[in-house]
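A look at the structure
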Amino acid sequence: MKLTGTYSHQSWDETVVEQINDQQKFSEALVKEEFEGDLQGKASIKMQLFYCDEGTATYHGFRLFNGSLNGEPGTLTILETGTWAADKATTHWQIVEGSGTGEFEGATGQGGYEAGHTNKVNWHLDISL
């Protein structure tokens, strides 16, 4: 089934782990989001980012969604990988098999989003339950 909706950043707490030179750095971020659409709820993300220069980055992390689908509660973990370039994030999501609870038990699938500098992001997720 194809799910769509939006999420909004509630917080983004990023810490530089190592500054390599004037442009390159390695960072970690803790992010909180609120989901609307086919999925209703909140997500927490632990992400690692590598900035090649001021305008590009590569990142990955785990997104723990805690909410509901069709009013039925559960949790779901998504592995997120992506790049930031030309003021746009291009992100791929892969559901971590075996991570679903409640309504998401046994879930598999993938999705993602593309977004610029915006607080509200349109996402999509093809999911099998």
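Residues numbered from 1 in each chain as written. Predicted model: local features only at pLDDT ≥ 70, side-chain atom pairs only at ≥ 80, totals over all residues. Heavy atoms only, no water.

**Considering the layout of surface pockets**
- Of the voids in this model, the largest pocket is the one considered here, and its volume is about 370 Å³.
- Those elements giving two or more residues to the lining of the largest pocket turn out to be strand S1 (2-19), strand S3 (39-53), strand S4 (56-69), strand S5 (72-85) and strand S8 (108-115).
- Among the residues making up the lining of the largest pocket, the classes are represented as 12 nonpolar, 4 polar and 3 charged. (1 Å grid on protein atoms, 1.4 Å probe; cavity = no way out; pocket = protein on both sides within 12 Å on 5 of 7 lines; lining within 4 Å. Points joined across faces, edges and corners; volume = space filled by probe spheres on them. Helix = DSSP H or I, 4+ residues; strand = E, 2+ residues; numbered from the N terminus. Nonpolar A, V, L, I, M, F, W, Y, C, P; charged D, E, K, R; others polar.)

**Quick notes on the pattern of salt bridges**
- Counted by the stated rule, this structure contains 7 salt bridges.
- One salt bridge in this structure joins Arg-63 and Glu-33, with 2.1 Å as the shortest N-O distance. Placement of Arg-63 in strand S4 and of Glu-33 in strand S2 (residues 25-37) is noted, with a sequence separation of 30 residues between them. Per residue, the accessibility class of Arg-63 equals that of Glu-33, and both read buried.
- Of the charged contacts, one joins Arg-63 and Glu-80 as a salt bridge, the two residues approaching to 2.1 Å between their closest N and O atoms. (Salt bridge = Lys/Arg side-chain N within 4 Å of Asp/Glu carboxyl O. Buried < 20%, exposed > 50% of the residue type's maximum accessible area, 1.4 Å probe, protein only.)

**Remarks on the nonpolar core**
- One finds Leu-39, Leu-76, Tyr-113, Trp-123 and Leu-125 to be the most contacted residues of the largest nonpolar core, which totals 29 residues.
- Of all elements in the fold, only S1, S2, S3, S4, S5, strand S6 (88-95), S8 and strand S9 (120-128) reach the threshold of two or more residues within this core.
- For this core, the element with the highest residue contribution is S3, accounting for 6 residues.
- In this view, Leu-39 contacts Leu-3, Phe-65, Ser-68, Leu-69, Phe-104, Trp-123 and Leu-125; residues no more than four positions away in its chain are not counted. (Core = buried A, V, L, I, M, F, W, Y, C linked by side-chain atoms within 4.5 Å. Contact = heavy atoms within 4.5 Å.)

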